[in-house]
Structure formats: structure tokens, C-alpha cells
Amino acid sequence: MDVNGTVAEGFEPVREAFAANFTRLGERGAAVVVYRDGHRVVDLWAGTRDIDGTAPWEPGTAQIVRSATKGVAAAALLLLHQRGELDLDAPVGTYWPEFKAAGKDRTRVWHLLAHRAGVPVLDRPLTPAEAADPDLGAAAVAAQAPVWEPGTDHGYHAQTYSWLTGELLRRVTGRPVGEWVAEEVAGPAGADLWLGLPEAERARAGRVGRAETPETAGGLKIRPKRAVADAYADPDSLTRRAFAAITPLPDENDPGYRAAALPASNGIATADGLARVYAALIGEVDGGTRLFTPDTIELARTERSAGPDRVLVTGTRFGLGYMLHGAASPLLSPGSFGHPGRGGALAFADPESGIAFGYVTNGFRTSVTADPRAQALVRAVRAALA
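The rules behind these values
Residues numbered from 1 in each chain as written. Predicted model: local features only at pLDDT ≥ 70, side-chain atom pairs only at ≥ 80, totals over all residues. Heavy atoms only, no water. Helix = DSSP H or I, 4+ residues; strand = E, 2+ residues; numbered from the N terminus. Rg over C-alpha atoms; globule rule 2.2 N^0.38 Å. Buried < 20%, exposed > 50% of the residue type's maximum accessible area, 1.4 Å probe, protein only. Contact = heavy atoms within 4.5 Å. Areas by Shrake-Rupley, 256 points an atom, 1.4 Å probe, with all protein chains shown as cover. Lys, Arg positive; Asp, Glu negative; His and termini not counted. Charge placed at Lys NZ, Arg CZ, Asp CG, Glu CD. Pairing = 2+ DSSP bridges. Core = buried A, V, L, I, M, F, W, Y, C linked by side-chain atoms within 4.5 Å. Salt bridge = Lys/Arg side-chain N within 4 Å of Asp/Glu carboxyl O.

Could you give an account of the overall build of the chain, with specific residues and numbers?
The helix and strand tally for the chain stands at 13 helices and 16 strands. Against the globule reference of 21 Å for 386 residues, the chain gives a C-alpha radius of gyration of 19 Å, in line with a compact fold. Judged by the C-alpha coordinates and their principal axes, the chain covers about 55 × 45 × 40 Å. Expressed as a percentage of its 386 residues, the buried residues of the chain come to 58%. In the chain, the proportion of contacts linking residues at least 24 apart, taken out of those at least 6 apart, comes to 67%. Just so you have it, the chain exposes about 14,600 Å², and 50% of that area is on carbon and sulfur atoms. Once the 40 positive and 46 negative side-chain charges of the chain are each reduced to a mean point, those two points are 5 Å apart.

Explain the pairing of strand β15 (residues 355-361) to me, and be specific about the residues and the numbers.
By the criterion of burial, β15 is predominantly enclosed, with seven of the seven residues buried. Burial along β15 is two-sided: I355, F357, Y359 and T361 facing one way and A356, G358 and V360 facing the other are all buried. Pairing geometry for strand β2 (residues 29-36) and β15, over seven bridges, is antiparallel. Its bridge partner lying in β15, A30 is registered against T361. Bridge count between strand β14 (residues 346-350) and β15: five bridges; the pairing is antiparallel. Looking at β15, one finds that D350 is bridged to I355.

Requested: an account of the nonpolar core, with residues and values cited.
One finds L281, F292, Y322 and F337 to be the most contacted residues of the largest nonpolar core, which totals 85 residues. Core analysis: the second largest hydrophobic core is formed by 26 residues, V14, A17, A374 and V381 among them.

Now, about the sheet that holds strand β9 (residues 268-269): what can you tell me, with residues and values included?
On the basis of which strands lie adjacent, the open sheet formed by three strands has the order β4-β9-β5 and antiparallel pairing. Only two strands of the sheet have a single partner each, and these edge strands are β4 (63-64) and β5 (193-194). Bridging between β5 and β9 involves two bridges; their strand directions are antiparallel. Within the sheet, the bridge partner assigned to L193 lies in β9 and is A269.

Can you break down the pattern of salt bridges residue by residue, with the values?
If you walk through the whole model with that rule in mind, you get 25 salt bridges. We note a salt bridge from R106 to E149, for which the minimum N-O separation is 3.9 Å. Of this pair, R106 sits in the loop between α2 (69-82) and α3 (109-113) while E149 is found in the loop between α5 (134-143) and α6 (161-173), placing the two residues 43 residues apart along the sequence. R170 is the partner of D135 in a salt bridge, and the nearest nitrogen-oxygen pair spans 2.8 Å.

Now the structure itself:
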């Protein structure tokens, strides 16, 4: 496999790990970018742009990044708070009165970001076409009764996070979430990242699909724990119902789905776009805009939820919209904050080391929080810093 791109001196282990993902872990097409103190130190790509094609991956190839989009949506809400436009401790109903229905009147804004709102499921799932309509999605989640008292427990809001965050932002700003992210997050960061892929950019986005998971990787068996597998197999579990809030599953290669703005699941980005957003969260990028103040960084990565996750059936840690370093989703260090995409993508920042990381792939696996390919790259970055 020919690996293209560059690495700065000292980051050679990342190139080695990236190449090994193709030879040992069945990677088909992928890219990884790392910034340190606002400057790009790793920029690698290889394989095919489409999982079912032969055209080569190019420097500007973008892919759908699934739940790695959640960290971008979190940045939008935290920026509103930073500007004094959104009170994280206020009831959601202060901004979105309809959300008070069905016992949710005391749900706080921060509960949405920390997966404590109690509405990870919809009693009537939405079709992909309905899910793409922000009015229908917002109405469905506003009417939904919580499955636990908001604020008292946590469970991953896999799909409903789209309408929770997107509608809250729209109520505060009067602007659609995709437009706001483009103008206030991706634009200032200089990032190739879209929440609602414009028609003019369609040709840059590769086709994604399922990639077979190797039985082993270097002698390590790759398979979910029995309790996790059972939860995904049970149609009545919160796990299955949360991921099935959109039923049937959308065709992620469909232009209509890609044009929708679903902050939980369908952002499209280059590896550089993801890494560049996180680099801008923690500092200036190539002398440009910094998005988060030090206080907002601390808000983002201060633990708000920890322990057994009622949806993911494993121990998770969340700050405000971000997964934190832990066994379920290892990042670079205890101070890192970011978000994986189910079965593939990963993006995070580590303020202490100045590292911002973005990885995208066209091949999705069954993992939710810790894909072996992304983890191999994280370990290599850690080795390069040692």
C-alpha cells in the first residue's frame, strides 16, 4: 500500500501505524491529520476514495464521519454560551417551550450535551426522509416522554442528539444549524467540514460502506463483550431503540441524506477538516482564529457523566458534548476531549500537548467508541510525543 503525504520529524510512528492499518486491519481508504500547536505535523492518506471502487484517495477527499459530528455540534452550543447567548444551566424550555412536554420541564441545557436528557429513543421512529426535516425531528423529540428522569442518569443519545442540539441552536440564533456551523465554526477554522453537504462539494465525498472486521489484530481478538452484543441484538433494549430512532437506517451515500443537517450523525469532512476544527478550539491555527477561550475548554472537558451508560452498556465519560478519555474511548491523555464516529472516524484535542487529531475512513466496522484503526494511530501519536 502506497501511503501518501508527509509527517514532521519525530512523527514517523504515525506513518508506520497508518500503513499497518491497511496490511493488518483491512483498511480500504483513509486519511489522518495531526496538528501540534496550530501547525500540521501529520498529513497522510492512502487507499481508494470509495469503499467499493478503485479511484485513489486524494488530498481533498471527504467522508461522512457519523457521530464525530457530535463534537462539532457541541462546539456550536458552547460558543453560544461563550458569547453570552445561551445559559447552560437554564431549562431547555426557556428557549424551546414545546420541549417542556411529557415531564421534561426541568431538563437543563447541559443535560442535552452530557447525554442526561432521558430521551435517547423515539416511541415512533422517524423515516430517513422525516429525520432530515428539522421541524419534524424537533417536534418528535419535544413530544417524547423521557425514559428516565432528566439529569439523574446518562445514556448515549445516538440519533436524538441531532434534533436536541439542532433545534436548540435554531431557537437561540434563528438560523439553521448547518448554516451556523459553516459560518461560525468551519469557516473561521478554515476547515473542510459540512453539516449538510453543498451540491458543489458532492464530488469530493467518497462512498462509504461496511468493512469486515478481522478476527484478530496482532493476536488480539476484536469482538464486543457479550452484554454489549446482547443489547444490540435485543429489539426492545434502549441500545437498539436509540440507534433505531431513524428506521430504516439511512443510505449514507444518498445525496439527499448527505444534504441534510443531522448534528448527531451525518457531518462530512476531510481528516484535515476535523483536525483543524479541534486545533482551532484550543488555539490559533496557522496564525488564524481561536474558537474557545480557556474557560470554555474547561467546560467542554469537565466530567458531567460517568459510569455505566444505559444505552451503550459500558462505562462512558462525557463532558459537555464530548467524550472524555477512558476505557471505552481512549484518547491521547486524561485531558483530551473529542468524539468518535461509530465504526470509524475519530477527532479530538489535547490542550496540554497542543495536539489536535482527525481520522476519517470509508470503511465502517461494528465498533462504537474505540475503533482499532483509530486507536493504533492514537497510540502512535502518543509514542511520537514520548
